[in-house]
Amino acid sequence: MNLHRLTLRAIGPYAGEHSIDFAALGASGTFLLEGPTGSGKSTIIDAIVFALYGGLAGSASTPDRLRSHHAAPDVEPFVELVFENGAGVHRIRRTPAYRRPKARGTGTTPANATAKLWRLSSPDAVDGEIVSISTQEAGAEVSRILGLTRQQFVQTVVLPQGEFAAFLRSTGEKRKEVLQSLFGTEIYERTTAELVDRRKVANAAVAAADRDIELARARLLEASGLEAEALDEGLAADGGVALLGDLEAQAVAASAQRSRVVEARDAARRSLDRVRALGAALDRRADLTVRRTRLDEGDGEIATVRSRVAAATRAATVTDALAAVTRATEAERDAASRLAGAAGAAGAAGAAGVVADGETTVAHGEVPLRADVAARRDARLSELALLTEAARTEKALPGRRTALEAAEQSLVVADERRRELDAHLVAAPAVRASLVVERDALADASTDLVAAEQATAEARLRLRDLDDLDALGRAVDAASARRADDSAAALRALDDEAGLRRRQIEGMAGHLAAALVVGDPCPVCGSREHPAPAAPGTEHPTDDQVEAASRSSRAAEARQRESAARHATAEGRAAEARRALGDLTRDDVESDLARLALRVSEATRARTALAAAEAALVAHDREVDELRAERDDLRERAATGRERVAADRRALLDDEAEIARLLDGRAPTIAELTAAVGDGVERDTRLLTLLDAADVASDAAAVRRAELAAALERSGFDDVDQVADAALEAGDLAALEARVSAHERERAIVAAGLVEPEAAVLTGDEVADVPSAVEALDLVEAELDEATDRATRTGDRAERARQALAALEAVTAAADAAVEHARAVVRMANLASASTGENVKGVTLGTYVLLRRFDEVVAAANVRLSVMSSGRYELASSDEREVGSRSRKTGLSLVIRDATTDTTRDPGSFSGGETFYASLSLALGLADVVQAEAGGLELGTLFVDEGFGSLDPETLDAVMSELGRLSASGRVIGIVSHVDELKQRIADRVEVRRRPDGSSVLRSTTG
């Protein structure tokens, strides 16, 4: 993969928008990303990783540190990266989540992270095909395009600060976590876990099968009723076949015995049934004989009752007809009486009835009376229909008069309102024109607000820059004073050291003489005799005093260099700030701020007034529209209202004339006239109804008298008196009829019973011994119960034993299958999880795979470490448990073999420089293996972040030579460092510089 261009804005310390052309920087194979510590070099690496994956390079970093605190709140932060690999050229743009100012009101609102991925035709193309606009989808698509996860990318393309030093010095468990994520060996751990789970399941299945066998054996033992030893012998001999045969034979014998007892029981039941039938027949014959005797004795009395019933039955046919005549005569008299009363009330003549011979008749003059009454009623009904409608009209007249007056008054009010609206609408255009003039004037005044606010913000930034310049000036003065003090102190310390050394040299003879011993040679002349040794001076300095003065001198010199460096840094920052500000003065800025404050205030007031003016104009237009709509509505309503009022008045006058015509002086109101006519209709209708009822009653009475005469003739009675003597009450007649019927029914039952075969063959002398037959049946049934219980128990035992034996055979076969299946699963699980001695190395499957990958990483790292350490050091994996680790051995421990001392060292014993190039070798080796693991994909760019400052010149040469070989093979190496010597070696660079306000800027230079 090759990086072409990175663009970022409002990210980390970079408040503005900056771009890096990696294609131009990588032309020579190596470029430098340099700047002071903390200025934002690593932020460039974080921006690249964030653009691709939405995360940062360092494992301890979080994306919330991306949003720049130096950028304005409304500036959107983003990172855009153009990259290329075998899948083509792509551009991705991401924005982190941040808080932006609200569109309305004060405060902030959260803005979500976004991502957009394009496929480009060339690295310089502006537009391209959109691949994804989702943050999650873009990350997954980038991983697919690059063939690397974020973890793999960080470990192979971006080597962040401290990450590989930590990997070098970490424990085997920590290395295992990193290697698992890089090489995706979690699948082997999951496979091992799955095998272990299956081993548990298989072992549980075998144990369950064993329990099933024991349970099935216990059920067979209980079902067969055998002793445990006998059952085991039978199972061992032929699998229990003989035992099952014995049980089935016992069941067959018991069943045959029960069948014989059932036959005996059935014979005893038949004998008992015969005895009981004989006894019942004897009892029935005796009972029938007694009942026949009683019937013979009552035959005479029953004959008399039968004759009385016949006479009463004939009389009943005449009695009903006589009662009907009586009822019809009474109804005829009642109808004639009601008719006479109604005719008198109605004033009708000739309607009186005449009563003669017990019958009611109506005079011959009734026919003209009925016709007159019917004609009068029909005339009144017709008039009543007209009066009913007129009554409704009369009732509505007062309301109609009131409504008509109200409608005429509303027309007057509407005319007045319409004239008012016409006046308002005539004046409306002039009012609107004044409102428009006022709004336009305020709009012109408010347009200056944005420019004034922007200018105010810029002026405040310039004022803050002036404050920073003053602070930098004070810092330069302080650094200058400190440099002078440290320089003077360094000179004094140097003078003190020189004086001590001079005095020590001057008194060297006395100093040496003080150490002479008689007989030992003099270190100057070699003589063993020392006749006149020099005497040491009184203020001769000792070696310790001289060494202490030398240390003080070196410390003072170091402080002087440090203060000089700080002074140079302060002067550089102050000069840069001074160049950026030019001739700008504080008075100029404060004057601009005062003038801009007035502009902002006036524009703000104008904007507030503009909103009110626009609202007033809208309200005026809305009011005019409403008034115009109201006027038009009033016009339309007035036109239709006048026509409706005229029509209503004409209709009212017509209805009043019609009501006066109908009344014609007969009644004060239509309602009263309607009531009078309705009463007449009701009287005529009642009179007609009574006439019809009198005719019906007279006809019915004549029919009933004819029916009575016919009934007397049929009954054989001479007159109604004979009928009265023979008649009986219904209850008495029914009782006599029931008595006759019961006698006849009893006679038939007795006769039929005596001729039945069971009674006819008997003489009455037979004997039925039922108790003896019952006793014989009870004995046989008791024997049957015992035989049935025995047969049931033996049959059930044989069946349950057969089922239990079949179940035992089934669970035994299942157990054998479970054991066979578990054998392979358990062996595989034991091997993968290193649970038994079969796994001689004692490592799990996942660890074994990682060990092979780790050996490849170590081998690849040693190729470069040998060059960088001049053949001194070599990495080696170890099975030993690391110091401080409480877990078991992983096989991923690291040791360092030192060829110079022929010793083995712990990585933690390395110095800073040794740690750096050992970590770098390990990182490059890991990148090589991951690249090969990912299918040999090309990693065109590599970033190395910091660590070069810890190298001596010779080691730095070796490291740079190795990196040069990498770049010669086609890879572009980006070195992140602030080491001055690297600036001399590498011409292509990205320079990061910190501004006085703490933000940073960058620029790219090529050689």
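Coordinates for the structure precede this section.
Described below are features of the structure shown in this document. Please read these numbers as outputs of a predicted model, since none were measured by experiment. (Residues numbered from 1 in each chain as written. Predicted model: local features only at pLDDT ≥ 70, side-chain atom pairs only at ≥ 80, totals over all residues. Heavy atoms only, no water.)

### Looking at the layout of surface pockets
In this approach a probe as big as a water molecule rolls over the atoms, and the regions it shows empty are the leftover space. For the record, the criterion: Space inside and on the surface of the protein is sampled on a 1 Å grid over the protein atoms alone, with a cavity defined as a set of points where a 1.4 Å probe fits but cannot get out and a pocket as an open set with protein on both sides within 12 Å along at least 5 of 7 lines; lining residues have an atom within 4 Å of a point. Grid points are joined across faces, edges and corners, and a volume is the space filled by probe spheres set on the points. Each helix is a run of DSSP H or I of at least 4 residues and each strand a run of E of at least 2, with the numbering of both proceeding from the N terminus.
Put simply, the largest pocket is a space of about 560 Å³. In terms of lining, the largest pocket is formed by 21 residues, of which the most central are His70, Ala71, Ala72, Leu461 and Arg464. When residues of the lining of the largest pocket are traced back to their parent elements, those giving at least two are β2 (14–21), α12 (448–506) and β19 (1000–1005). The greatest single-element share of the lining of the largest pocket, amounting to six residues, is contributed by α12.

### Section: the packing of aromatic side chains
For clarity, the threshold we go by: Each Phe, Tyr or Trp ring, with Trp reduced to its six-membered ring, pairs with another whose centre is within 6.5 Å; inter-plane angles below 30 degrees give stacked pairs, above 60 give edge-to-face pairs, and intermediate values give tilted ones. Buried residues are those whose accessible area, probed at 1.4 Å on protein chains only, stays under 20% of the maximum for their type, while exposed residues exceed 50% and partly exposed ones sit between those limits.
Summed over the entire model, instances satisfying the criterion amount to three aromatic pairs. Considering the side-chain rings of Phe22 and Phe943, the 5.8 Å spacing of their centres and the 80° angle between planes classify their relative orientation as edge-to-face. Highlighted residues: Phe22 in helix α1 (residues 22–25) and Phe943 in strand β16 (residues 941–945), separated in sequence by 921 residues. What makes Phe22 buried here is its relative accessible area of 5%. Consider the rings of Phe31 and Phe943, whose centres lie 5.9 Å apart with planes at 80°: the pair is edge-to-face. Here the residue Phe31 occupies a position in strand β3 (residues 30–34), and Phe943 occupies one in strand β16, the gap between them amounting to 912 residues. Here the two residues Phe31 and Phe943 agree in accessibility, since each one is buried. Three or more aromatic residues link up through ring pairs in this structure, and these residues are Phe22, Phe31 and Phe943.

### Some words on the pairing of strand β17 (residues 972–976)
Selection criterion: At least two DSSP bridges between two strands are required for those strands to pair.
Most of β17 sits out of view: five of its five residues are buried. Burial of the side chains of β17 extends over both faces: Val972, Gly974 and Val976 are buried on one face and Ile973 and Ile975 on the other. Where β3 and β17 come together, four bridges link them in parallel fashion. Counted as the bridge partner of Phe31 is Gly974 from β17.

### Some details on the sheet that holds strand β14 (residues 893–898)
Our working definition: Here an angle of 0 to 180 degrees is reported between the N-to-C directions of two axes, which are lines fitted to C-alpha atoms, with helices fitted over the stretch in contact. Pairs of residues are marked as contacts when any of their non-hydrogen atoms sit within 4.5 Å.
Read across the sheet, three strands follow the order β13-β14-β15 without closing on themselves; strand pairing throughout is antiparallel. In this open sheet, the two edge strands, each paired with only one partner strand, are β13 (873–878) and β15 (903–905). Sheet twist, expressed as the mean angle between neighbouring strand axes with direction ignored, is 35°. Pairing of β14 with β15, which is carried by three bridges, proceeds in the antiparallel orientation. Following the sheet pairing, Asp898 is matched in β15 by Thr903. Strands β13 and β14 of the sheet are contacted by helix α21 (residues 845–868), whose axis makes an angle of about 170° with β13.

### Some details on unusual backbone geometry
Despite not being glycine, Ala10 has its phi angle at roughly 55°, a positive value. Tracing the sequence through the fold places Ala10 in strand β1 (residues 2–11). For Asp902, which is not a glycine, the phi torsion comes out positive at approximately 55°. If you trace the backbone, Asp902 turns up in the loop between β14 and β15. Assessed through its relative accessible area of 71%, Asp902 is described here as exposed.

### Focus: helix α18 (residues 730–754)
Spelled out, the test is: By definition here, a helix of n residues has an expected span of 1.5 Å times n minus one.
The terminal C-alpha atoms of α18, which comprises 25 residues, lie 36 Å apart, in line with the 36 Å expected from a rise of 1.5 Å per residue. Along α18, the residues classified as buried are Leu733, Val740, His743, Val750 and Gly753.

### Focus on the side chain of Thr95
The condition is simple: Pairs of N or O atoms are called polar contacts if they sit within 3.5 Å, as long as, within protein, a hydrogen donor faces a hydrogen acceptor (for residues adjacent in sequence, only side-chain-to-side-chain pairs).
Examined against the element boundaries, Thr95 turns out to sit in strand β5 (residues 88–95). Here Thr95 falls in the buried class, since its relative accessible area comes to 3%. At a separation of 2.5 Å, a polar atom in the side chain of Thr95 contacts the side chain of Thr114. Beyond its immediate sequence surroundings of up to four residues, Thr95 is in contact with Phe50, Glu76, Pro77, Phe78, Asn112, Ala113 and Thr114.

### Focus on the sheet that holds β1
The strand order across the open sheet formed by six strands is β2-β1-β4-β5-β8-β9, and the pairing between neighbours is antiparallel. A single partner strand is all that each edge strand has here, and the edge strands are β2 and β9 (129–132). Going from strand to strand, the sheet's axes swing by 15° on average, the running direction of each strand aside. In terms of strand pairing, β1 meets strand β4 (residues 78–85) through seven bridges, oriented antiparallel. Bridged to Leu3 within β4 is Phe83.

### Structural notes on the pattern of salt bridges
What counts is decided by this rule: Salt bridges are defined by distance alone: a side-chain nitrogen of Lys or Arg within 4 Å of a carboxyl oxygen of Asp or Glu.
Counted under the stated rule, the structure contains 40 salt bridges. Arg93 is paired through a salt bridge with Glu76; the nearest N and O atoms lie 3.8 Å apart. With a gap of 17 residues between them, Arg93 in strand β5 and Glu76 in the loop between α2 (41–53) and β4 connect regions that are remote in the sequence. For Glu76, a relative accessible area of 32% translates into the label partly exposed. One salt bridge in this structure joins Glu991 and Arg1003, with 2.8 Å as the shortest N-O distance. One end of the pair, Glu991, is in strand β18 (residues 989–994); the other, Arg1003, is in strand β19, and 12 residues separate them in sequence. According to the relative accessible area criterion, Arg1003 is exposed, its value standing at 53%. Several salt bridges converge on common partners, so that one network encompasses Glu76, Glu80, Arg91 and Arg93.

### Some thoughts on a negative patch on the surface
Keep this limit in mind: The residues that make up patches have over 30% relative accessible area and no salt bridge, and they are joined within 9 Å when like-charged or within 5 Å when they are Val, Leu, Ile, Met, Phe, Trp or Tyr. Residue exposure ignores everything except the shown protein chains as possible cover, and the areas themselves are Shrake-Rupley values with a 1.4 Å probe. Charge convention: Lys and Arg are scored as positive, Asp and Glu as negative, and His as well as the terminal groups of each chain are ignored. By convention, the point assigned to a charge is CZ for Arg, NZ for Lys, CD for Glu and CG for Asp.
Among the surface-exposed residues, Asp718, Asp719, Asp721 and Asp725 lie close enough to one another that they form a single negatively charged patch. When you line up the elements, Asp721 lands in helix α17 (residues 720–726). Asp721 gets classed as exposed once you look at its relative accessible area, which sits at 52%.

### Comments concerning helix α3 (residues 135–146)
Using the following cut-off: The directions from the helix axis to the C-beta atoms form the arc being described.
With 12 residues, α3 extends 17 Å from end C-alpha to end C-alpha; this agrees with the ideal 16 Å at 1.5 Å per step. Among the residues of α3, those classed as buried are Ala138, Gly139, Glu141, Val142, Ile145 and Leu146. Projected down its long axis, α3 shows its buried positions confined to an angular sector of 165°, all on one face. Seen from the buried face of α3, the exposed residues on the opposite side, beyond 90 degrees, are Gln136, Glu137, Ala140 and Arg144. Following α3 by one or two positions, Gly147 adopts a phi angle in the positive range, close to 75°.

### Section: the packing of helix α9 (residues 241–297) against α18
The criterion, for reference: Left-handed describes a crossing in which the near helix is turned anticlockwise from the far one by less than a right angle; the clockwise case is right-handed. Classes in brief: Ala, Val, Leu, Ile, Met, Phe, Trp, Tyr, Cys and Pro nonpolar; Asp, Glu, Lys and Arg charged; the others, Gly included, polar.
Packing of α9 against α18 brings their axes to within 9 Å, and their N-to-C directions diverge by 140°. Here α9 and α18 pass one another in a crossing that is left-handed. Across from Arg284, Arg285, Leu288, Thr289, Arg291, Arg292, Leu295 and Asp296 in α9, the residues of α18 making contact are His743, Glu746, Arg747, Ile749, Val750, Gly753 and Leu754. Considered class by class, the residues forming the contact of α9 with α18 number five nonpolar, three polar and seven charged.

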